[in-house]
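Topology and contacts: notes
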Amino acid sequence: MSEKPVIFLYTLSYDNDGVFFMKRISAKLAMIVCSTLVIAAVVLSVLVPLIMKAATVAAPGKLYPIYRVDTAEKKVALGINCAWEDTDTDAFLKILKKKNVRATFFVVGEFAARCENAVVRIHAAGHEIGNHSDTHPDMAKLSADAMKKEIESAGRKIEKITGEKPTLFRAPSGSYTSELVKTAQDLGYHCVQWDADTVDWKGLSASDMTDRVMKNLQNGSIVLLHLGAAHTLEALPQLIDRIREAGYEIVPVSELIYTENYYVDRQGVQHSRITD
């Protein structure tokens, strides 16, 4: 009887000296190897998305502020910090009125006490006012009690002027801890940061600031600006125009974020827990 033919396949291998050569394997072994690779590919296709998702979900007990909102809508917000002087408030308000934009001003308590009329004008113009601490300290270095005093004191000053208790809190310099986020939440605040920074306090030119923001802008972005920075007034009109030309709508922060049934992942992205 004739022997049953055996089919061989070849694979590349190399010896101890690193010299490649052809290594012969049987078709049966090749099928086993291929089957194993296919199974491995299927398993990885399932596991990798789960691993990637797990990498972004906040660790148990760890709290993060909101840097950006996960949304399908092309909406962004302008968050303007008020901690220094009332030298350009009216110019800011004039530009925002001309461009028909409502922004969110994060006000330091000391600024509110020192520049009360500025806060009145901001509120009267229809803009949102958030809490930016009372004395602009490094909040991450404070005790829980000191954090609470900073937030409450600023909140009282703002409410006394506007008649409305703020519901948004932004940590000075973006310095935070889980304790700070929890303290703010216990006081009725949503802790908000930013993901598109003008870095206007460094004195960048108007065009550089605008380009920097547009490079990072995406759905749900929150832009950081400051009153009293060197070239921010010059940048503001073109920044608003560029944002709109890119198809985005500018809304106050409270109209951008989810105010209930949400979680914030470790990247600072806020997600709704409600699915369609």
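Predicted model only: the values in this text are computed from it and were never measured. (Residues numbered from 1 in each chain as written. Predicted model: local features only at pLDDT ≥ 70, side-chain atom pairs only at ≥ 80, totals over all residues. Heavy atoms only, no water.)

Burial of strand β6 (residues 128-131) is two-sided: the residues Glu-128 and Gly-130 facing one way and the residues Ile-129 and Asn-131 facing the other way are all buried. Sheet topology note: the strand β5 (residues 104-107)/β6 ladder contains four bridges and is parallel. By the bridge assignment for β6, Phe-106 is matched with Gly-130. (Buried < 20%, exposed > 50% of the residue type's maximum accessible area, 1.4 Å probe, protein only. Helix = DSSP H or I, 4+ residues; strand = E, 2+ residues; numbered from the N terminus. Pairing = 2+ DSSP bridges.)

A few words now on the packing of helix α2 (residues 89-98) against helix α4 (residues 116-124). Closest axis-to-axis distance for the α2/α4 pair is 10 Å, and the angle between their directions is 5°. When the axis of α2 is compared with that of α4, the two are roughly parallel. Of the residues in α4, those touching α2 at Thr-89, Asp-90 and Leu-93 are Ala-118, Arg-121 and Ile-122. Taken together, the residues that form the contact of α2 with α4 break down as three nonpolar, one polar and two charged. (Axes fitted to C-alpha atoms, helices over the stretch in contact; angles between N-to-C directions. Parallel < 35°, antiparallel > 145°, perpendicular 65-115°, else oblique. Contact = heavy atoms within 4.5 Å. Nonpolar A, V, L, I, M, F, W, Y, C, P; charged D, E, K, R; others polar.)

This next bit is on the pairing of β5. Neither face of β5 is open: one carries Thr-104 and Phe-106, the other Phe-105 and Val-107, and all of them are buried. Strand direction decides the pairing type here: strand β4 (residues 75-82) and β5, joined by four bridges, are parallel. Bridging from a neighbouring strand, Cys-82 pairs with Val-107 of β5.

Before going further, it helps to spend a moment on unusual backbone geometry. Of note in this structure, Asn-100 is not a glycine but carries a positive phi near 55°. Mapped onto the secondary structure, Asn-100 falls in the loop between α2 and β5. Although it is not a glycine, Ser-133 sits at a positive phi angle of roughly 85°. Position of Ser-133 relative to the elements: it lies in the loop between β6 and α5 (144-162).

We now examine the environment of Glu-249. As for its position among the elements, Glu-249 is in strand β11 (residues 249-250). Taking the C-alpha atoms as reference points, Glu-249 and Val-76, 173 residues apart in sequence, are found 6.3 Å from one another. Leave out the neighbours within four places in its chain, and Glu-249 touches Lys-74, Lys-75 and Val-76.

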